[in-house]
Amino acid sequence: MSPEVALNRISPELRPLLCSVVRNGRVGLDSTNCLRVTDLKTGCTSLTPGPCCDRFKLHIPYAGETLKWDIIFNARDPELPPDFIFGEDAEFLPEPSELPHLVQWDAGDPECLLQLVKELIQQYHQYQCQRLRESSRLLFEYDSLLEDPNYSRSMEIYAGHKNSWTGEFSARFLLKLPVDFSNIPVYLLKDTTLDPGEDVALLSVSFEDAEATQVFPKLYLSPSIEHALGGSSALHIPAFPSGGCLIDYVPQVCQLLTNKVQYVIQGYHKRREYIAAFLSHFGMGVVEYDAEGFTKLTLLLMWKDFCFLVHVDLPLYFPRDQPTLTFQSVYHFTNSGQLYSQVQKSYPYSPRWDGNEMAKRQETCKAVEPATIFGPALPRQIHFISI
Amino acid sequence: MAASISGYTFSSVCYHSANSNSDHEGFLLGEVRHEETVSISDTQISSSELLQVVEVHNHEPCAQLFSFYDYAGQVNEESLNRILKDRRKNVIGWYRFRRNTQQQMSFREQIIHKQLTQLLGVPDLVFLLFSFISTANNSTHALEYVLFRPNRRYNQRVTLSIPNLGNTSQQEYKVSSVPNTSLNYAKVIKEHGAEFFDKDGVMKDIRTIFQVYGALQDKVQSVCGEVEQSERVKEKVQEEVNKLKQQIVLRKRKTTDEERRLQEAQNPEPRLTPEENTEPPETSLLSRVAFHTPSTPERPGPSANPPAYADLLSLQNDSLLPFSSSPTSAALLPRPQAVGSPGHPSPSPLGLGLSAGPNPAPSPGTPYLGNGDGSSSDSLDRQAAGQEDDEEDDDDDSSEYENLVSEVGQLPPVSASVLLQGRPAALSPDGDASVRGSQT
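Residues numbered from 1 in each chain as written. Chains lettered and ligands numbered in written order. Predicted model: local features only at pLDDT ≥ 70, side-chain atom pairs only at ≥ 80, totals over all residues. Heavy atoms only, no water.

The line we're drawing: UniProt positions are given in the numbering used here, feature names are shortened, and annotations may be inferred rather than shown by experiment.
Per an unreviewed UniProt entry, chain A goes by BRISC and BRCA1-A complex member 2 and derives from Oncorhynchus mykiss. If you open the UniProt record of chain A and go to Subunit (unreviewed entry), you find "Component of the ARISC complex. Component of the BRCA1-A complex. Component of the BRISC complex. Binds polyubiquitin." As its UniProt record puts it under Function (unreviewed entry), chain A is described as follows: "May play a role in homeostasis or cellular differentiation in cells of neural, epithelial and germline origins. May also act as a death receptor-associated anti-apoptotic protein, which inhibits the mitochondrial apoptotic pathway."

In structure tokens, the structure reads:
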């Protein structure tokens, strides 16, 4: 059910409360999606006209699961606080004194319901942590993470139900990794169609059994970060070491991610430097270059009266990865009607050279290249002139 | 644990609930009984089962929500007392009605329930949840109800039985064990009770019925005695009748022998054939009669019966009877008789032939004329009886013997021919030959 439909059908007095939930409601670590509302029903008699729905199901993402809670209002008494049915968690019974927004329910405050839900989620988290006590090993994991200030506040734990077949007890830890994404160049982030929201990296570790012999980690990145880091294929986190524990593993993953981010940031700067150097060296020979991301550069060069284009493609992880040079003739066509071009990857290169150095080396290289590349097809009289 | 609620209380709760435009709640009043069932079986000496029975007598609806608890779910004891007043000790549970929700206790309901359990001091407080579900186009509505006992860990749901609601295959209207605790009801019953109950608390009607029963029994006993006596009288009369019949037959034989001798003396030769002819039919008649009497307790109808009746009687084939000539032969049919009334003498012409020795007691000639077992005569007879007049029958009865006596003399020369003619017409549509054939 789309938020608009839900808002249309709900009783007018309750609309503001629901509005803040479906439009701005982000609860918990996974805030990429808003809370979802389904099963809108009414508590009034069936003859009551107009929009009069006052009870619905709220889908809340939590620790990789989706909680489906029923929220029950009364359209005839909209100032009264709602009641909740916590779905399958029949034993979850929070203490009302821990829910200040329930005790001092203010129907006039549109954010009241959202705040109440957040408080309930906190209580739910406490409840799940309590359930971890059934497994000492998992409890140890939890306690150790709790001590680390990096993770203690940004943790969601879902202690699953005991598997009645095997008697196995499973749990899932969802941790927010404290990685700083603020320095990622903006151009990388703006390419997503979705509202990016907060840039966040979540690590989900599923323990399929209480003895931690089957552990499945997974990394979740918000879409913009994923794109900025080169897509999901670029990210491989190490497997959970058997016998290891979270307090060691999580910082590892964190470091890995941080390094990647550093690479990306560095790459950006390096590329900028590279292109700046080329610009200064080849000045007038530059046809065009990517001024935002510094990923491409095109030069028009002449060597012994022979003109050709050089396209330089700078990869994301430059300078670790070598740029690709594409030589393109301005005179010749291939059979398929394209300009004759050839890609060159194997040329002397070292990531340690700075921009200027690279530019210089390229100069000398290029003196040789055209001859070998365009060799047989070209007249011998080509000299290299910068235009 | 078993729970039951009377039909009117249930409907009253539903009425209050369905008419409210929001969620509705209230308290259930009643009592909890403990029943112990001791069962003895072959395998065990005895086993006793303890069953807790919750009976809901009444309910106390709350006028609005949050009337005895606050936003945090904290129950206010004063408000509770104000609602319940002096009925507080009768509270055995509470109920809640909410539309279009799941059949599960909600967060606030659980909190309130815990507090109520403590405040009211009822360890097994029950919670009745009504859920009203409507389909999207409001064509079907379902009222679902579940009784919970949340203070137990397992088996939290209890079946609530409402007597006389539900199983329509039962024809009886069951009396519910849930008493009516209404004060008004008790008052009225006390006032008017004296008209129905005597001083022992037994309904007066029961005594009168017993009296009637006793009187009926006495009457039946006396009637039995009368029946016995009349049966004996009837037996005697029957014996006399039989004796008389035998005498008639003997006398008849004597007269026929004498006549024969006279005729032989006068016309010995030409008369032989008719005599022979006459004899065999008679003997054959007799034989036939004798043959048939035991097997056909039904009356051999006279040949001059109307065709319908004749068809019916064709089963008996032997029709035997000669009195076809008499127009009143139809009237001779015996009519069904009540047990104990004097029997009619047999109207049938069989009287002639029937005198034969081997006459079993339930001969067709007896006025009984029903089946041998004493049941009333069958439909055939009744049909025929309907055609007659009763009086005519009586006349026939009295004149029967006269006819017999007079006809004895007359018949022999004519009887054969009459018989031959009459029989086919009356009895068998098939034709003379077959009838005759069967007779001999």
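Next comes the rest of the account.
### Re the interface of chain A and chain B
Note the threshold: Contacts are assigned to residue pairs with any non-hydrogen atoms lying within 4.5 Å of each other. What gets called buried area is simply the loss in accessible area from a 1.4 Å probe that two parts show on being joined, summed for both. When a carboxyl oxygen of Asp or Glu lies within 4 Å of a side-chain nitrogen of Lys or Arg, that pair is called a salt bridge. Here a polar contact is taken to be a pair of N or O atoms separated by no more than 3.5 Å, where protein atoms must pair a possible hydrogen donor with a possible acceptor and residues adjacent in sequence count only if both atoms sit in side chains. The helix and strand labels rest on DSSP assignments: H or I over at least four residues marks a helix, E over at least two residues marks a strand, and numbering proceeds from the N terminus. Residues are sorted three ways: Asp, Glu, Lys and Arg are charged, Ala, Val, Leu, Ile, Met, Phe, Trp, Tyr, Cys and Pro are nonpolar, and all the rest, Gly among them, are polar.
Listed per partner, the contact involves 32 residues of chain A and 26 residues of chain B. Taken over both partners, the interface formed by chain A and chain B buries close to 2400 Å², and the fraction arising from carbon and sulfur atoms is 54%. Run the count over chain A and chain B and you get two salt bridges. Arg55 of chain A serves as the salt-bridge partner of Asp23 of chain B, at 2.9 Å between the closest nitrogen and oxygen. Scanning the region where chain A abuts chain B turns up twelve residue pairs in polar contact (both at pLDDT 80 or more). If one sorts the elements of the side of chain A that touches chain B by residue count, strand β4 (residues 83–85) of chain A sits on top with three residues. Residues that form the side of chain A that touches chain B fall into these classes: 16 nonpolar, seven polar and nine charged.

### Structural notes on the side chain of Ser20 of chain B
Spelled out, the test is: Throughout this description, buried means an accessible area under 20% of the type-specific maximum (1.4 Å probe, protein chains only), exposed means over 50%, and partly exposed covers the range between.
With respect to the secondary-structure elements, Ser20 of chain B resides in the loop between α1 (7–19) and β2 (24–39). Look at Ser20 of chain B and you get buried, because its relative accessible area is 14%. At 3.0 Å, the side chain of Ser20 of chain B and the backbone oxygen of Ser17 of chain B are in polar contact. Once you skip the residues sitting within four places of it in the chain, Ser20 of chain B turns out to touch Thr45 of chain A together with Phe97 and Arg99 of chain B.

### Re the sheet that holds strand β6 (residues 171–176) of chain A
Residue and element names in this part refer to chain A. As a reminder of what qualifies: A pair of strands is considered paired only if DSSP assigns at least 2 bridges between the two. The axes are straight lines fitted to the C-alpha atoms, using for helices just the contacting stretch, and the angles between their N-to-C directions are given from 0 to 180°.
The sheet built from four strands is open, its strands ordered β5-β6-β7-β8 with antiparallel pairing. The two strands at the open ends of the sheet, each matched to only one other strand, are β5 (155–159) and β8 (215–221). Taken over all neighbouring pairs, the strand axes of this sheet differ in orientation by 15° on average, direction set aside. Across five bridges, the pairing between β5 and β6 is antiparallel. When the sheet's bridge partners are listed, Ala159 is paired in β6 with Ala171. In the packing of helix α9 (residues 246–282) onto the sheet, the strands contacted are β6, β7 (201–207) and β8, and the crossing angle to β7 comes to about 150°.

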